[in-house]
Amino acid sequence: MKTVHVDTGKPYDIFIERGIIDNCGEYISKISKAEKITVITDSNVAPLYQWRVLNSLEKCGFQPKVHIFKAGEESKNLKSISDMYDTLAQFNMTRKDLVVALGGGVTGDMAGFAAATYLRGIDFVQIPTSLLAQVDSSVGGKTGVDLPYGKNLVGAFHQPIAVLIDPDTLSTLSDKFICDGMAEVIKYGCIKDAEFFQNLADTNALDHIEDVIETCVSIKRDVVNRDEKEKGERMLLNFGHTLGHSIEKLCNFKGITHGMAVAIGMVLIAKAGENQGITESGTADEITAVCHKYGLPTTDKASFAEMANAAKNDKKASGNSINLVLLNKIGDSFTQKIELDKLEDFITT
Ligand code: GLY
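Residues numbered from 1 in each chain as written. Predicted model: local features only at pLDDT ≥ 70, side-chain atom pairs only at ≥ 80, totals over all residues. Heavy atoms only, no water.

Draft legend 1. Representation of the sheet that holds strand β3 (residues 36-42) in the model. Spatial strand order, β1-β2-β9-β6-β5-β3-β4: seven strands in an open sheet with mixed pairing. At either margin of the open sheet sits one strand with a lone partner, and together these are β1 (2-6) and β4 (63-69). Between one strand and the next, the sheet's axes are offset by a mean angle of 20 degrees, whatever the strand orientation. With two bridges joining them, strand β6 (residues 123-128) and strand β9 (residues 162-165) adopt parallel strand pairing. Across the sheet, the residue bridging to V125 is A162, located in β9. Contacts between helix α1 (residues 24-31) and the sheet are confined to β2 (12-16), β3, β5 (98-103), β6 and β9, with β9 contributing the most and set at about 165 degrees to the helix. Most of the contacts of helix α3 (residues 78-90) go to β4, to which it runs at about 160 degrees, and overall it touches β3, β4 and β5. (Pairing = 2+ DSSP bridges. Helix = DSSP H or I, 4+ residues; strand = E, 2+ residues; numbered from the N terminus. Axes fitted to C-alpha atoms, helices over the stretch in contact; angles between N-to-C directions. Contact = heavy atoms within 4.5 Å.)

Draft legend 2. Representation of empty space enclosed by the protein within the structure. The tally for this structure, following the rule as stated, stands at one cavity of 30 Å³ or more. Those elements that place two or more of their residues in the lining of the largest cavity are α9 (241-250), α10 (258-275) and β11 (321-329). Sorting elements by how many residues they give to the lining of the largest cavity places α9 first, with three residues. (1 Å grid on protein atoms, 1.4 Å probe; cavity = no way out; pocket = protein on both sides within 12 Å on 5 of 7 lines; lining within 4 Å. Points joined across faces, edges and corners; volume = space filled by probe spheres on them.)

Draft legend 3. Focus on the pattern of salt bridges. Counted by the stated rule, this structure contains 17 salt bridges. The salt bridge partner of E248 is K151, with a shortest N-O separation of 3.5 Å. Here E248, found in helix α9, pairs with K151, found in strand β8 (residues 150-157); they are 97 residues apart in sequence, far enough to count as distant. A residue is classified by how much of its surface remains accessible, and K151, at 19% relative accessible area, is buried. (Salt bridge = Lys/Arg side-chain N within 4 Å of Asp/Glu carboxyl O. Buried < 20%, exposed > 50% of the residue type's maximum accessible area, 1.4 Å probe, protein only.)

Shown next as structure tokens:
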């Protein structure tokens, strides 16, 4: 078992262990005084894991209940949150009770947001089952939902009281969803760790996925410890995401995963950095090679003008400018404010 300790305002541990799903009750009983636990999960994940989680919780003396919502980003809205509040209230959940988020990024973000706001905040535990959630979204306390105006426009920082990562759950994911998570894995190498990036190039990450997950969450932990509320350094975790979000938006979030869009965004911004004489020459090619190795695309049909225009409504924009994450070289990143009007010129290569 691997343990990574997070030292945010509310400290907690991330446990990485094959089969931990079957022992989640024991872990939770050590850190929570809850009587009732609502397990929030989606219609894809429920048939795979809900009984294993519920059995373990019951065995440890908890009164568990499950709330299932329809799988997919389309469900990530305030109506789904309202349905979750109904379940929590009808189950008479009190301040000492607990929510468990069982699933991928959408589940973690929404269950976390419901927990952050129900009774002005109750505890929650993340049990992420997708690679993207295991290496990125389950750690660091970002919770929220989409509005018709854009992704993640309503939310709260609410740290879980534990993250239980079971790498065995990755065996049920299709290649598409493994690729989705690999883009975030590659991102960590790009922004903070050249040796890790090289390791992704030289080996098959899936052959030593527990080490890979541990490295990613440790990098994220270090960043979040220093900047929990994203005032500065945490923005580095958005490398590739500004143009990635534009691409997702231009595709209406259909036919392209978040990871695919981020992979394209990382390569485009590295190319722009090279073009501007900021990023070491050859960096974009290195990122391209690793993305292709893990089945990720690195080009898109959208024009630079369309991407720059789509970025104007990005929530990372502040006033007339946006914080772009750039690389000096692999493993060495920084943010640079750029006026939105100058973005198209900046990224055009
Ligand atoms: N996924 C980026 C962050 O948590 O800050």
